[in-house]
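Chains, contacts and geometry: an overview
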Amino acid sequence: MKTTNKKNRWILLAALIIWSCSGMGQKSVKDSEVEYYSLEMGGIICGYFETTKTLMSENEKEWLQVNDEVVMKLTVLGEGVDIYIQNEYKVDPETENYFYCNRNYNNGAVELISTTEVKDGKAYFTSNQEIETKEFDLSDGVLLESTYEVNHLIKDFIVGNEKEKTYKVFDNFRGQIVEKSYTFIQEEELEVNGTSYLTILLKEIDHSIGTQINYWIDVPSGDVVKFTYSGRTICKSDASVKKKIQTADFDDVIFAKVDKVIPNVPEITYMKVEAKIKSDGTWITEESLNFPGQKFTGTVEDNLADGIFEIESIRYDGSNAPAFPYDYTIADSLQKYLEPESLIESNHPDIVQEAKEITREAKGSWEAAISLSKWVSDNIQGAIPGGTSAINTYKTRLGECGSHSRLLTAFCRAVGIPARLSIGCMYTTYYHGSFGQHAWTEVFMGDAGWIAVDATAEEIDFVDAGHIRLGELNSFLPVEMKILEYKIGGQEMSEVDNIVPDKYTDLVGKYSIIEYNKIFEILYTEGSLAVDIPGKTVLALHDADENGLYYPTATRQVNFRFERDDNGDVEAMWLQQTMPVSKKAEQDPIPENTPDDLKPFLGEYSFVAANIEIKVSNNNGELYMSDPYTKTDTKLEWDEETGKWKLAISNNEVSFEKDEDGIVNQLTYYQNIYLHKGVLVSNFVEETINESGIDEGIKKYFELKNANSENCIFNELALNNLGYKLLSSDKKTEAIEVFKLNAKEYPESWNVYDSLGEVYMKNGDKKQAIKNYKKSIKLNPENSGGEEMLAKLKSE
């Protein structure tokens, strides 16, 4: 299932969008031409630029039409994030400046559109994220920056031999005038895509957000042939690049692995970390990295912090918080934290109305802030890429950490509480312990100052000591990090008693999903019950609720339930994951034979982040849905006891949610996975076969069977899967022996003889193949596949 622990939804937009914002050079154009650039990360070509330039004419007016297409394919925490960017410019051939620009960014979950029109020395900027048009005066030497030209750099650094220069530039994506400085580094002979270039290397610094880009500009042509940003490389290429792109793992950029698992993250009260962190965005200094709850000792140079961070989790109790409505006198420097901005639409009517409703009974500003934080934590499901903007997150109820934090910030501002984003990194149990890029929210509580809360991590009134703050608009680009010390609940780790309490004793152990041979482990560590999810993460668990469900401390999207046998011993565990799927279209027309009580459910549902589409339909008066996991149309059966609809062919369930008007707007899919306590005996057999051969492997099977081990699971399907695994590795002899063992152990199963017939056939033993297919068909006359194979063997 493609939903992920929402605690680890990292803010992506700021780190990715820069790839569309850099110049490519400009020359005279004859009719039409196309240029290509490759985008590379970690040695993988994961995207491309395609720029088309065409001379246009209409009503005796000529202009240069420039169209960019940018495609990027990434994964973040295993989730696919495909990014598409389109830029359109209309350029005056005389001034070589554009008079119209449209930019469109789409990550599959949100679309950001901005348009700039230039008239009479002014730029008029509109965006789908802002209500009003912004007007900018360009008379004071402000340059119109674009993706298609760097004429000012050619003029000043190639022709004029400048060594350093600063420009005022209009940023046509963010809608603001910024300062950018360029420094000549050196001349350099460079080979790109098989072509040699004589280039100058320039370093660009955007002083508004601290981003740094290196440009290599070809001296004879003025083309940008290469530029690099934060470990990513963009190079001049050709049309073949479109066929070369692969998916790159963005985790390699925004995670720092520390090889230390701390399951109970919310209870981390102190942490000391040795770190070297690069950051693009707001300028960081030694002073900005020191504030109540965070101490930094070290150096900061060119936004590279190198030193020791000590973080303490401060739990604010609301003392002396301003009244509500907010009555604290706001300094001029804080006014901006009450105003709407791009992606934080605190003046949107829907956000204002919801925020007022949530805080209707709040008795103080801190209570109001907690209420808003709890609403975001409870109602916004974790998803990558998520809603991104505050209003889109509110409408879709989906988002990563940036989405959660922007919505909470917008809510707070909507009711007069100053709030801002806080961006840096957070400790997570992913990758056996790591720090990943993360965003959270800070609210201003008068004399108490800025108080941090993390709705994404369900830390609605605090943040744990695994958070390192870098700034308000920063990327986290770790070089190396190491945990030196930490405390759980105020205790040094040497003081924590890891003896398993009696109430957890029979829960601890390994649990297996037989169909996929996945092993989960329930363990007790550092004073907490936890679950080790294979290949993913380790999550601390709350104690069971009134329904016997164990929820992780970090998310409500997953829960665990233990099942006992007649003797009261734990024999299995249920894992339940929930996935919200929004309704995107009603069924039209509705079949005439549809019962009235089923009509509201019919339609198409979509979960963009997991690339899941579900259709709910009527089939002869009964409710059916297209199951995204079995890929079949499945009947839904109402279960009065659970209040959910059960899928007829699996353990999974669904429920339908309604909006304030009583209209069905969402389907919640409950994936229920059954895990047997213990480890499949086939795992031990496979290990022995690989180490000592098939005879020893069979011997190991019977040793474990005779020992009657409670930790071993003996299962027909598991042995069958092992046989096919050996067969796929071209170990036919070993596979035959495992299938023979399975037939001996489960002689009444038609499937074991079907599999044995298949492996004999592939090994060229026609006689044994026919014999076993016949036995399979005798046990199951409806085995049509066996009938076909038997007929084929006889015809040969």
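Residues numbered from 1 in each chain as written. Predicted model: local features only at pLDDT ≥ 70, side-chain atom pairs only at ≥ 80, totals over all residues. Heavy atoms only, no water.

In this section: the packing of helix α4 (residues 349-358) against helix α5 (residues 365-379). At a minimum axis separation of 9 Å, α4 and α5 run at an interaxial angle of 115°. In the packing of α4 onto α5, the handedness of the crossing is right-handed. Residue-level inspection shows E354, A355 and I358 of α4 in contact with α5, the latter providing S371, L372 and W375. For the contact of α4 with α5, the class distribution of residues is four nonpolar, one polar and one charged. (Axes fitted to C-alpha atoms, helices over the stretch in contact; angles between N-to-C directions. Helix = DSSP H or I, 4+ residues; strand = E, 2+ residues; numbered from the N terminus. Left-handed = near helix turned anticlockwise from the far one by under 90°. Contact = heavy atoms within 4.5 Å. Nonpolar A, V, L, I, M, F, W, Y, C, P; charged D, E, K, R; others polar.)

Think of an α-helix as turning once every 3.6 residues; residues three or four places apart then point the same way. With 14 residues, helix α11 (residues 732-745) ought to run about 20 Å at 1.5 Å a step, and its terminal C-alpha atoms sit 20 Å apart, in line with that. Within α11, burial applies to A735, I736, V738, F739, L741, N742, A743 and E745. (Expected span 1.5 Å × (residues − 1). Buried < 20%, exposed > 50% of the residue type's maximum accessible area, 1.4 Å probe, protein only.)

Counting 44 residues, the largest nonpolar core has L153 and I217 as the members making the most contacts within it. Discounting chain neighbours no more than four positions away, the residues touching I217 are V150, L153, I158, L198, T199, I200, L202, G222, D223 and V224. Core analysis: the next-biggest nonpolar cluster, separate from the first, contains 41 residues, F324, A362, L372 and A410 among them. (Core = buried A, V, L, I, M, F, W, Y, C linked by side-chain atoms within 4.5 Å.)

The pairing of strands in a sheet happens through backbone hydrogen bonds and is either parallel or antiparallel. Read from one edge of the open sheet, five strands run β19-β20-β18-β27-β28, paired in antiparallel fashion. Of all the strands in the sheet, just β19 (294-301) and β28 (491-492) have a single pairing partner and so form its edges. By the bridge criterion, nine bridges tie strand β18 (residues 268-278) to strand β20 (residues 304-312) in an arrangement that is antiparallel. Counterpart to A275 in the pairing with β20 is G307. (Pairing = 2+ DSSP bridges.)

A few words on the pattern of salt bridges. All told, the structure shown has 32 salt bridges when counted by the stated rule. Residue E50 pairs with K242 through a salt bridge whose shortest N-O separation is 3.1 Å. Note that E50 is positioned in strand β2 (residues 44-58) and K242 in the loop between β15 (232-237) and β16 (248-249), a separation of 192 residues in sequence. Overall, K242 belongs to the partly exposed group, its relative accessible area being 35%. Here E135 ties to K122 by a salt bridge, and the two come within 2.9 Å at their closest N and O atoms. Of the two residues, E135 sits in strand β8 (residues 134-137) while K122 sits in strand β7 (residues 122-127), which places them 13 residues apart along the sequence. Given a relative accessible area of 48%, E135 falls into the partly exposed group. Each of R420, E442, R469 and E472 takes part in salt bridges that share partners, so that together they form one network. (Salt bridge = Lys/Arg side-chain N within 4 Å of Asp/Glu carboxyl O.)

For the rest of this paragraph, the subject is a positive patch on the surface. A cluster of basic residues, K767, K771, K775 and K778, forms a positive patch on the protein surface. Within the fold, K775 resides in helix α13 (residues 766-779). (Patch = residues over 30% accessible without salt bridge, like charges linked within 9 Å, V, L, I, M, F, W, Y side chains within 5 Å. Areas by Shrake-Rupley, 256 points an atom, 1.4 Å probe, with all protein chains shown as cover. Lys, Arg positive; Asp, Glu negative; His and termini not counted. Charge placed at Lys NZ, Arg CZ, Asp CG, Glu CD.)

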